[in-house]
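# Chain and residue survey
Residue-level listing of the chains:
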Amino acid sequence: MKKRVSVIIMLIAGLCFTAQAASSSWNVDAAGTWITAGNWTAGVPGIANGTTSADVATFSTALTAGRTVTVDNNRNIGGITFGNTGTNGYTLATGMIKLSNGGVIQSLSGMGGTNKVTSIVSLMGDG
């Protein structure tokens, strides 16, 4: 009986641990809000009003026109990657992006469109 309880506790702890990360990719060819889970492949990346996050938000969906993603206030994120290959790009607007310690905003090689971050970007920790 004690073994079963231990195994169940370990399994529950493991599930809680894996649910914390939410690195995700924007999956719609449309403008939208960052906090809308349906706009992402694996849920909303980063945390609102948190102090650190290892999540990476990836923007690589092929776009038929430029798209604006409205960032909610104080979105803490570990990194942002732009990888769209067409001639259109993303604009991350409004709100504040808090880039976690060691986080980066990057464009992959071969990327096409022009991407912009017009939101305020705050470097957290050691920047």
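The structure this text deals with has already been given above.
The text that follows walks through the structure, step by step, so that each part is easy to find.

Criteria and thresholds
- Along each chain, the written sequence defines residue order, and numbers are assigned to residues from 1.
- The predicted origin of the model limits local features to residues at a pLDDT of at least 70 and limits the giving and counting of side-chain atom pairs to 80 or more, whereas totals for whole chains, interfaces and linings rest on all residues.
- The side-chain quantities take in all heavy atoms of the structure and omit both hydrogens and water.
- Here, a strand pair is defined by DSSP locating no fewer than two bridges between the strands.
- Helix and strand assignments follow DSSP, with helices taken as H or I runs no shorter than four residues and strands as E runs no shorter than two, numbered in order from the N terminus.
- Paired rings are identified among Phe, Tyr and Trp, the last through its six-membered ring, by centres lying within 6.5 Å, and are further divided according to the angle between planes into stacked (under 30 degrees), edge-to-face (over 60) and tilted (the rest).
- Each residue gets one of three labels from its accessible area relative to the maximum for its type: buried under 20%, exposed over 50%, partly exposed in between, using a 1.4 Å probe on protein chains only.
- Here a residue-residue contact requires only that any non-hydrogen atoms of the pair lie within 4.5 Å.
- What makes a nonpolar core is a set of buried Ala, Val, Leu, Ile, Met, Phe, Trp, Tyr and Cys residues whose side-chain atoms join them at distances within 4.5 Å.
- Between Lys or Arg on one side and Asp or Glu on the other, a salt bridge is scored when a side-chain nitrogen of the former is within 4 Å of a carboxyl oxygen of the latter.

The next thing to look at is the sheet that holds strand β5 (residues 67–70). Spatially, 4 strands are ordered β2-β5-β7-β9 in an open sheet, and the strand pairing comes out parallel. Both edges of this open sheet fall to β2 (32–33) and β9 (116–117), since each of them pairs with a single strand only. Sheet topology note: the β2/β5 ladder contains 2 bridges and is parallel. Looking at β5, one finds that Thr33 is bridged to Thr70.

For the rest of this paragraph, the subject is the packing of aromatic side chains. Enumeration over the complete set of coordinates arrives at 7 aromatic pairs. Ring plane angle 35 degrees and centroid distance 6.0 Å describe the contact between Trp26 and Phe59, whose orientation is recorded as tilted. Taken together, the residues Trp26 in the loop between β1 (24–25) and β2 and Phe59 in strand β4 (residues 56–59) connect sequence positions 33 residues apart. Between the aromatic rings of Trp40 and Phe59, the centroid separation amounts to 5.5 Å while the plane-to-plane angle is 65 degrees, which identifies the pairing as edge-to-face. Of this pair, Trp40 sits in the loop between β2 and β3 (47–48) while Phe59 is found in strand β4, placing the two residues 19 residues apart along the sequence. Each member of the pair Trp40 and Phe59 is classed as buried. Taken together, Trp26, Trp34, Trp40, Phe59, Phe82 and Tyr90 form an aromatic cluster joined through their ring pairs.

Of note, Asn74 is a non-glycine position whose phi angle comes to about 55 degrees, a positive value. Locating Asn74 in the fold gives a position in the loop between β5 and β6 (75–82). One non-glycine residue, Thr94, adopts positive backbone phi at about 55 degrees. Residue placement: Thr94 occurs in the loop between β7 (90–93) and β8 (96–107). For Thr94, a relative accessible area of 46% gives the class partly exposed.

Before going further, it helps to spend a moment on the environment of Gly66. Position of Gly66 relative to the elements: it lies in the loop between β4 and β5. Distance from Gly66 to Asn88, taken between C-alpha atoms, is 4.9 Å for residues 22 residues apart in sequence. For Gly66, the residues in contact, after removing those within four places along its chain, are Asn88 and Gly89.

Trp34, Phe59, Val69, Ile77, Ile80, Tyr90 and Leu92 are the most contacted members of the largest nonpolar core, which has 15 residues in total. Ranked by residues supplied to this core, first place goes to β6 with 3 residues. In contact with Ile80, other than residues within four places in its own chain, are Trp34, Ala57, Phe59, Leu92, Ile97, Val104, Ile105 and Gln106.

The next thing to look at is the pattern of salt bridges. On inspection of all chains with the given rule, the structure shows 2 salt bridges. When the shortest N-O distance is used, the salt bridge between Asp29 and Arg67 registers 3.0 Å. Taken together, the residues span a long stretch of sequence, with Asp29 in the loop between β1 and β2 and Arg67 in strand β5 at a distance of 38 residues. For Asp72, the salt bridge identified is with Arg75, shortest N-O distance 2.7 Å. For Asp72, a relative accessible area of 16% corresponds to the buried category.

Honestly, it's all geometry; don't read function into it.
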